[in-house]
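Listed here are the chains, written in short residue letters.
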Amino acid sequence: MPESPITPRAKDFAAWYQDVVLQGDMAEPAEIVKGCMVIKPNGYAVWENLQRELDARFKATGHQNAYFPLLIPESFLKKEAEHVEGFAPELAVVTIAGGKKLEEPYVLRPTSETIIGHFFAKWIQSWRDLPLLMNQWANVVRWELRTRMFLRTTEFLWQEGHTAHATHAEALEEVLRMLDVYAEVAEDLMAMPVIKGVKTRGEKFAGALSSYSIEAMMQNGMALQAGTSHDLGQNFGKAFDVKFQNKEGQLDYVWQTSWGVSTRLIGGLIMSHSDDKGLVLPPKLAPVKSVLVPIYRKDEERGPVLEAAHRIAKDMGSKVDDREGQSPGAKFFHWERRGVPLVMELGPRDLASNNIVLKRRDNGSKQIVPQSEIVQKVAESLDSMQKDLYSAAQQRLRDNTVLAESIDQVESILAESNKFVMAHLKDDPACDARLKEFKATVRNIPLKDEFDGPGKCIVTGEPVSQRVVVAKSY
RNA sequence: CGGGCUGUGGCGCAGCCUGGCUAGCGCGCUUGCUUGGGGUGCAAGAGGUCCCGGGUUCAAAUCCCGGCAGCCCGACCA
């Protein structure tokens, strides 16, 4: 029997993941080697689904995919002062190649603003070349001091959009459009509610005018930054000399944006829904949506059961687990651990009554359905499970969001348990630093203020327009 | 880089303090029979530089010295 499970709330993700999700076989979506992640087929299948859904939305909003080099000349990084300063500590640098010390080292891309800026400068001359809307699916390398499965690994897969526009207004529109795409994918597909907002000046992307993020709450109440969208202003345009001639015939620097989500989303997905029995995957992203387990005792039952199982499964594209030598119980646990949303059981009893048993992964409910209705019932169940997962997550977010009126109150709330604490706070690095004293951060300043509007900053006492999200984060 | 801990079949661990039988257990794996509506049971089997180097000793997984690696907690961060 599986040993005493722990809950995601009780321990941190890594420990829970280790004890519950990893069971020493292919149920595990990934493993770590020297801070880098190996994504196994089970995990990668989820990534592929996310990739497909995101990519379709990027295309629908006019973006094209392209690919830029992994190795970036070190000098490129240095062109934007704030950017290099922000990334310098986490760069991996290639200094020797072909057995010789290089004249100029290469940097393994931590992100591609610089090399893309370099090419944008070559490709953009006229306002007719704008907007230039690009996306890249790639791996990036950031030498983090501490790694966590899926959430922070030395190398990770992501998607980075890079666009250039003629005006700031247009660029900002793009920044918010892509933030909406991320929020929609997170909420509708991942069943993971998020808060859209602006990062504080202290937390924004190095080299950006401002950064926007979607923040999700994990089952232990900690925050996870699930996606970012940056208004780069003309910073990179100026650093890389990306100029265009506008309709008035004058030269101007382009306004750029960049935005990205990574394999961290898989971590967020796991931490949002999974339980002590293993993974729980939302139907819309589950690589295998339903499995039919045939049950038979005697040889003469085997044939008819399997035949019926395959016939029924075929109608709805289900998988039949017809592995020999495995008991049905073992099969149930097998699929449960892998997060398959629906498992059906079909045995001699059901054959006689023309029924089939349908079980949901998230709440464990089991119902007996006439075979004639199973196709429809499966579709309905997948649909309601998707909705239920979302509302459960949303309820959790609501239940764990609280107001605070002083810095001491924020501290005492967070000392007690992980919450999203809504407080009035000035966008000032000094205020960020004050929160850091008890390991909290401003997650973002919500775009939609669902609270009481203006108030006084709990650190400086100055008037501010709205509350911000304060939380401990991964 | 600071603090704590751990290195023993594929995975998880016991043994170490107090040196001594053939290095053990659980899971997993292989083969056969059995079983099958929530992890069937039985039997046989494969699989080990006990992290590395040195020292003490008649004898080292165990004690001593020195390395190395990994994990956790902090600082950095998607």
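Residues numbered from 1 in each chain as written. Chains lettered and ligands numbered in written order. Predicted model: local features only at pLDDT ≥ 70, side-chain atom pairs only at ≥ 80, totals over all residues.

Participant: Account for the overall build of chain A, with residues named and values stated.
Facilitator: Regarding its fold elements, chain A presents 14 helices and 25 strands. Relative to the globule expectation of 23 Å for 474 residues, the C-alpha radius of gyration of chain A, 25 Å, shows essentially globular dimensions. In terms of overall dimensions, chain A has C-alpha extents of about 85 × 55 × 50 Å along its principal axes. By the burial criterion, 44% of the 474 residues in chain A qualify as buried. Restricting to contacts in chain A with at least 6 residues of sequence separation, those with at least 24 account for 68%. (Helix = DSSP H or I, 4+ residues; strand = E, 2+ residues; numbered from the N terminus. Rg over C-alpha atoms; globule rule 2.2 N^0.38 Å. Buried ≥ 20, exposed ≤ 12 C-beta atoms within 10 Å, placed from the backbone. Contact = placed C-beta atoms within 7 Å.)

Participant: Outline helix α12 (residues 374-399), supporting the account with residue identities and numerical values.
Facilitator: For α12, with 26 residues, the first-to-last C-alpha span of 36 Å sits near the 38 Å given by 1.5 Å per residue. Taken residue by residue, α12 has Ile374, Val378, Ser381, Leu382, Met385, Gln386, Leu389, Tyr390 and Ala393 as its buried positions. (Expected span 1.5 Å × (residues − 1).)

Participant: Describe the pairing of strand β8 (residues 155-165), with residues and values.
Facilitator: The buried count for β8 comes to eight of eleven residues, which makes it a mostly enclosed element. Across ten bridges, strand β7 (residues 132-141) lies against β8 in antiparallel orientation. Paired with Met134 across the two strands is His162, which belongs to β8. (Pairing = 2+ DSSP bridges.)

Participant: Describe in detail the sheet that holds strand β4 (residues 71-73), supporting the description with residues and values.
Facilitator: In spatial order, the strands read β4-β6-β5; together these three strands make up an open sheet with antiparallel pairing. In this open sheet, the two edge strands, each paired with only one partner strand, are β4 and β5 (93-97). Shown here is a sheet whose adjacent strand axes are inclined to one another by a mean of 50 degrees, direction ignored. Relative to strand β6 (residues 100-108), β5 runs antiparallel, the two sharing four bridges. Bridging across to β6, Ala97 finds its partner in Lys100. (Axes fitted to C-alpha atoms, helices over the stretch in contact; angles between N-to-C directions.)

Participant: Lay out the environment of Asp399 in plain terms, naming residues and giving numbers.
Facilitator: Here Asp399 lies in helix α12. The class for Asp399 is exposed, based on 11 C-beta atoms found within 10 Å. Between the C-alpha atoms of Asp399 and Gly339, which are 60 residues apart in sequence, the distance is 25 Å.

Participant: Outline the packing of helix α2 (residues 41-60) against helix α8 (residues 264-273), listing residues and values.
Facilitator: Contact geometry of α2 with α8 gives a least axis separation of 10 Å together with a crossing angle of 110 degrees. Considered as vectors, α2 and α8 are oriented roughly perpendicular to each other. For the pair formed by α2 and α8, the contact residues are Gly43, Val46, Trp47 and Leu50 on the first element and Leu265, Ile266 and Leu269 on the second. Looking at the contact of α2 with α8 residue by residue, the class counts come to six nonpolar, one polar and no charged. (Parallel < 35°, antiparallel > 145°, perpendicular 65-115°, else oblique. Nonpolar A, V, L, I, M, F, W, Y, C, P; charged D, E, K, R; others polar.)

Participant: How would you sum up the pairing of strand β18 (residues 355-360)? Please name residues and give values.
Facilitator: Bridge count between strand β17 (residues 342-346) and β18: four bridges; the pairing is antiparallel. Of the residues in β18, the one forming a bridge with Glu345 is Val357. In the sheet, β18 pairs with strand β19 (residues 366-370) via five bridges, with the strands oriented antiparallel. Across the sheet, the residue bridging to Leu358 is Gln367, located in β19.

Participant: Explain unusual backbone geometry to me, and be specific about the residues and the numbers.
Facilitator: Residue Leu130 is joined to Pro131 through a cis peptide bond whose omega torsion reads -5 degrees. Mapping Pro131 onto the fold places it in the loop between α5 (113-123) and β7. The phi dihedral of Asn354 is positive, around 60 degrees, even though this residue is not glycine. The backbone of Lys439 sits at a positive phi, close to 65 degrees, despite the residue not being glycine. As for its position among the elements, Lys439 is in the loop between α14 (429-436) and β22 (441-446).

Participant: Got a sec to walk through the sheet that holds strand β21 (residues 420-424)? Specific residues and values, please.
Facilitator: Ordered by their spatial adjacency, eleven strands build an open sheet running β3-β7-β8-β14-β11-β10-β9-β22-β25-β21-β20, and the pairing between neighbours is mixed. Looking at strand neighbours, the two that pair on one side only are β3 (64-65) and β20 (401-403), the edges of this open sheet. As paired elements, strand β9 (residues 194-198) and strand β10 (residues 210-217) share five bridges and run antiparallel to each other. Along β10, the bridge assignment pairs Val198 with Tyr212. On the sheet, α5 packs against β7, β8 and β14 (255-262) and is oriented at approximately 30 degrees with respect to β8.

None of the figures reported here should be taken as evidence of function without further support.
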